[in-house]
Amino acid sequence: MPRHDSAASPATADTRPHLKFHGEPVTITNFRDTLPATATPAERLAMVKAGRGAGLHLDDDGLHAVARALTDPAAVARAIKAGLLTGESVGPATLAVAHGHVYLTELLPILQPRAGAAARTVDPPKIVGCLDGDIPEAMIELWFRDEEHLVEHLAQTVRQTRAMGSHYEASILTKRVSREIMVHTARIMFEDDSEPFIVLIVRDGLTRVVSSWAALYPDLGVDQLAEKMVSVLLAAKVGRKDSDTETAVRARGRAEVLQNMRVRFVQGVAGEAPNEDALRIGQALTPPAQVILSTDTVGVPGVAPAEQFDDAVQALVASVHGEFKPWEPSASDAAAVVRALPRAVYDGDLDENVARIATGYLPVKDLPTVFGKTVPATALWRAVYLAAYLCAPVEFAAIKRHLRDQLGVSRIENRTYVGHLMTLIDLPWRQAKQDTRRQALRAWQNGGPIPHEILGVDWDPVPVSDFTALVPKALAGDVNARYTLQVAGGIALVADKLLLSNTGSAADREQVPFRSDVNDVVAGLGTSADGLWLLARAANAFRADRRAINSYTSQELQRTSPAAGSYVVPRPRPDDPSKLLHDNAGQPDPLVPYWVVHYSDPARTAQEKAKKAAAPKPAPTTESGAAKVVRLRAAVQSQLNAALADLKTLITLGSADLSLEPVLGDQATWKSLVDTNSEINGALYSARPPAPSVVVTAPDEEDDEDEDEFA
């Protein structure tokens with residue numbers, strides 16, 4: 001029998017790609033020389049339609065966000081239609097989950113549950129659940145103070161994840177991410193009234209996600225990695241459409257980054273063997289994921305509807321990694337009032353035409369037909385008459401009763417009732433003022449621009465062509481005139497973003513003189529000549545088909561000019577409120593939220609000023625502690641590198657020309673340098689961080705009993 005001759009038949013050479021990792025070779029076992037094809041708009045839309053048709057509890061914006069993130073949305077669309085979504089049961093909740101690969105550039109690792117008990121310099125965002133009516137949606141809202149807060153928090157999460165978790169770069173480069181991460185949609189919200197946007201956030205698997213980014217950019221330190229991730233994940237690219245939402249602008253920015261990676265990958269695999277860039281992109285760009293698309297509750301959930309989805313997600317994560325504290329409930333959906341109106345009509349407690357005006361079945365031009373020939377056919381007068389009728393004694397009691405039945409509650413508070421009315425009242429200007437509607441919604445939920453003293457009270461609006469004509473009547477004690485000014489002016493101020501919800505941050509930044517609920521501000525404005533004139537001017541200026549210049553933020557005005565036809569809500573003169581305040585160019589001085597709140601209670605403004613003046617002044621600061629640490633750390637590294645380079649240059653000069661010796665000076669100078677170097681070394685070693693564990697096993701082995709990755 002012939003004997004095998006190894007010399008004549010050498011073993012087949014290992015042609016698998018290799019990379020150096022910390023100086024050691026890493027063999028890539030499953031590299032593919034192509035990336036998933038770019039999904040077409042039709043494929044993404046098909047997934048959205050499939051989700052809509054299946055009755056998933058996620059709105060179209062959320063489904064579009066999921067479709068953008070998936071490498072193969074068509075496959076998920078087929079799974080939805082075939083009823084093949086996985087049901088993850090967590091107590092009384094069942095989460096509908098799709099399985100697929102997602103693009104790393106679409107995933108924000110923004111909530112790190114492991115950091116709950118850790119020291120932090122940046123506060124986490126507030127979490128609020130999303131409801132469709134009273135049904136929980138598979139989405140949450142994350143509230144940040146402003147864009148800077150979002151940036152700092154995201155960077156802090158990256159740093160915390162790198163410090164707390166294992167480093168999986170070697171494993172990811174060897175055989176990709178094997179175990180699925182868990183993601184769902186979230187709406188990023190801002191307390192400074194910046195426009196929100198929708199993204200996918202990571203709830204489990206943050207260490208794998210951050211390690212994937214580290215595998216893509218191996219030369220970046222933790223601070224630089226955090227900066228890189230922030231720049232990519234919060235990228236924005238303005239398109240040609242003025243109607244683009246912030247969600248579209250952000251998605252376009254991330255898509256541009258992804259396309260750039262695709263180009264680099266194609267260039268990297270064009271030669272005989274893939275280059276390092278292509279290898280890293282191919283292995284890290286498309287991790288597998290569980291994408292939560294819907295949520296259902298059976299039995300007693302134990303938490304409010306707005307909490308149920310986030311509570312279920314936390315429970316699912318906790319089933320593997322540990323228990324977490326539930327979040328506070330949020331407000332119910334104001335749109336339920338639309339279902340209450342026809343029931344009040346059926347009972348004979350509400351005029352059918354008033355209900356039709358309220359729901360939009362009858363247009364604004366029909367106001368004189370429904371309410372009287374003298375009523376101006378304008379959107380603001382529609383709001384005034386609806387407020388008067390829907391808050392009248394019989395109608396108020398009937399609608400509240402039906403709202404309780406619809407919502408399954410035993411009591412509807414006044415502020416809740418007023419909040420429900422926004423759905424009806426802002427209908428004519430909802431599209432034109434869509435950029436300010438989010439802030440208006442918060443104001444309506446914060447007591448609303450309707451003074452609560454008119455709830456359950458009979459009163460008659462006083463129709464006029466000029467609201468200032470009502471001021472003398474109101475000052476003379478005409479309650480109908482005062483109520484008309486308060487309702488019209490209050491609604492106008494909220495719609496034009498001049499009367500905002502009660503926030504401590506606005507008071508801290510002195511955007512308003514003190515904190516006060518919206519309804520209390522409107523009530524206060526009706527008690528003085530200054531306030532009544534302000535209400536009248538705001539109502540006169542209001543236009544339903546355009547946006548007030550006052551509502552633009554400084555950032556918006558830096559990017560673009562106000563839209564054509566934008567109007568100014570003027571500020572009354574402090575010394576004579578019947579006249580307007582003008583600037584040095586003779587133009588009306590725009591009203592700002594500060595003066596709206598001030599004129600509701602000038603005495604309280606004075607008290608707050610006195611209180612602040614007496615309070616100890618905090619030490620001035622221009623940057624947060626986290627930002628200062630990052631800046632100083634980079635400066636120290638840069639300065640030490642520069643010092644080392646200069647030292648080497650000095651030694652080289654001395655070696656080349658002995659006449660220059662000693663290049664480090666005399667004995668005293670040299671000893672001073674040595675002592676300084678010793679101090680630097682001592683300081684560096686005293687602050688030495690713990691060495692991270694470099695995991696070379698696959699991420700699917702993370703669930704060993706000693707595994708400590710909780711996210």
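Residues numbered from 1 in each chain as written. Predicted model: local features only at pLDDT ≥ 70, side-chain atom pairs only at ≥ 80, totals over all residues. Heavy atoms only, no water.

1. Some thoughts on empty space enclosed by the protein
Moving on, step 1. Tallying each qualifying case throughout the model produces 3 cavities of 30 Å³ or more.
Moving on, step 2. Lining the largest cavity are Met 422, Asp 426, Trp 429, Arg 430, Lys 433, Thr 436, Arg 437, Ala 440, Trp 444, Ile 491 and Ala 495.
Moving on, step 3. Among the elements of the structure, helix H17 (434-445) and helix H19 (479-495) are those that each provide at least two residues to the lining of the largest cavity.
Moving on, step 4. With 4 residues, H17 is the single largest residue contributor to the lining of the largest cavity.
Moving on, step 5. Across the lining of the largest cavity, the residue classes break down as 6 nonpolar, 1 polar and 4 charged. (1 Å grid on protein atoms, 1.4 Å probe; cavity = no way out; pocket = protein on both sides within 12 Å on 5 of 7 lines; lining within 4 Å. Points joined across faces, edges and corners; volume = space filled by probe spheres on them. Helix = DSSP H or I, 4+ residues; strand = E, 2+ residues; numbered from the N terminus. Nonpolar A, V, L, I, M, F, W, Y, C, P; charged D, E, K, R; others polar.)

2. Some words on the packing of helix H12 (residues 352-359) against helix H14 (residues 379-390)
For any two helices packed against each other, the geometry is given by the interaxial angle and the distance between the axes.
Moving on, step 1. Look at H12 against H14: their axes get within 11 Å of each other, and the N-to-C directions meet at 130 degrees. Put simply, H12 runs oblique to H14. In terms of crossing hand, the pair formed by H12 and H14 is left-handed. Note on element contacts: H14 touches H12 through Arg 382, Leu 386 and Tyr 389, opposite Val 354, Ile 357 and Ala 358.
Moving on, step 2. In the contact of H12 with H14, the residues fall into 5 nonpolar, no polar and 1 charged. (Axes fitted to C-alpha atoms, helices over the stretch in contact; angles between N-to-C directions. Parallel < 35°, antiparallel > 145°, perpendicular 65-115°, else oblique. Left-handed = near helix turned anticlockwise from the far one by under 90°. Contact = heavy atoms within 4.5 Å.)

3. Some words on the environment of Ser 294
Moving on, step 1. Note on placement: Ser 294 falls in strand E10 (residues 288-297).
Moving on, step 2. A relative accessible area of 2% means that Ser 294 is categorised as buried.
Moving on, step 3. It is 8.7 Å that separates the C-alpha atoms of Ser 294 and Pro 136, two residues lying 158 residues apart in sequence.
Moving on, step 4. With residues near it in sequence (within four places) discarded, Ser 294 still touches Leu 56, His 57, Thr 94, Leu 95, Ala 96 and Ala 138. (Buried < 20%, exposed > 50% of the residue type's maximum accessible area, 1.4 Å probe, protein only.)

4. Points about the packing of helix H1 (residues 41-53) against helix H3 (residues 73-81)
Moving on, step 1. Between H1 and H3, the least distance of the axes is 8 Å, while the angle of their chain directions is 20 degrees. As far as their axial angle goes, H3 and H1 are roughly parallel. Here the hand of the crossing between H1 and H3 comes out left-handed. Contacts from Glu 43, Arg 44, Ala 46, Met 47, Ala 50 and Gly 51 in H1 reach Pro 73, Ala 74, Val 76, Ala 77, Ile 80 and Lys 81 in H3.
Moving on, step 2. Taken together, the residues of the contact of H1 with H3 break down into 8 nonpolar, 1 polar and 3 charged.

5. Describing the nonpolar core
Moving on, step 1. Counting 92 residues, the largest nonpolar core has Met 47, Ile 110, Leu 142, Ile 188, Ile 201, Trp 213 and Leu 293 as the members making the most contacts within it.
Moving on, step 2. Residue contacts for Ile 110: discarding those within four places in its chain leaves Leu 142, Phe 144, Leu 150, His 153, Leu 154, Thr 157, Ile 188, Ile 201 and Leu 206.
Moving on, step 3. Counting 85 residues, the second largest nonpolar core, distinct from the first, contains Leu 386, Tyr 417, Val 464 and Leu 493. (Core = buried A, V, L, I, M, F, W, Y, C linked by side-chain atoms within 4.5 Å.)

6. A word on the side chain of Ser 212
Moving on, step 1. In this structure, Ser 212 sits in helix H6 (residues 206-216).
Moving on, step 2. Dropping the residues within four chain positions of it, Ser 212 is found in contact with Leu 104, Ile 172, Val 177 and Ala 284.

7. What to know about helix H9 (residues 276-284)
Moving on, step 1. With 7 of 9 residues buried, H9 lies mostly within the body of the structure.
Moving on, step 2. Where H9 is buried, its residues meet strand E1 (18-21), helix H5 (169-175), H6 and helix H8 (246-268).
Moving on, step 3. Capping of H9 at its N-terminal end is provided by Asn 275; its side-chain oxygen lies 3.3 Å from the backbone amide nitrogen of Asp 277. (Polar contact = N/O pair within 3.5 Å; in protein donor to acceptor, adjacent residues only side chain to side chain.)

8. Some remarks on a nonpolar patch on the surface
Moving on, step 1. On the surface, a nonpolar cluster with roughly 450 Å² of combined accessible area is contributed by Val 636, Leu 640, Ile 680, Leu 684 and Tyr 685.
Moving on, step 2. Only helix H26 (625-656) and helix H27 (667-686) provide two or more residues apiece to the nonpolar patch.
Moving on, step 3. Per-element tally for the nonpolar patch: the top contributor is H27, with 3 residues.
Moving on, step 4. Position of Tyr 685 relative to the elements: it lies in helix H27. (Patch = residues over 30% accessible without salt bridge, like charges linked within 9 Å, V, L, I, M, F, W, Y side chains within 5 Å. Areas by Shrake-Rupley, 256 points an atom, 1.4 Å probe, with all protein chains shown as cover. Salt bridge = Lys/Arg side-chain N within 4 Å of Asp/Glu carboxyl O.)

9. A word on the environment of Leu 154
Moving on, step 1. In this structure, Leu 154 sits in helix H4 (residues 147-164).
Moving on, step 2. Counting along the chain gives 79 residues from Leu 154 to Leu 233, while the straight-line C-alpha distance between them is 9.5 Å.
Moving on, step 3. When neighbours within four sequence positions are excluded, Leu 154 is seen to be in contact with Pro 109, Ile 110, Val 230, Leu 233 and Leu 234.

On their own, these measurements won't tell you what the molecule is for.
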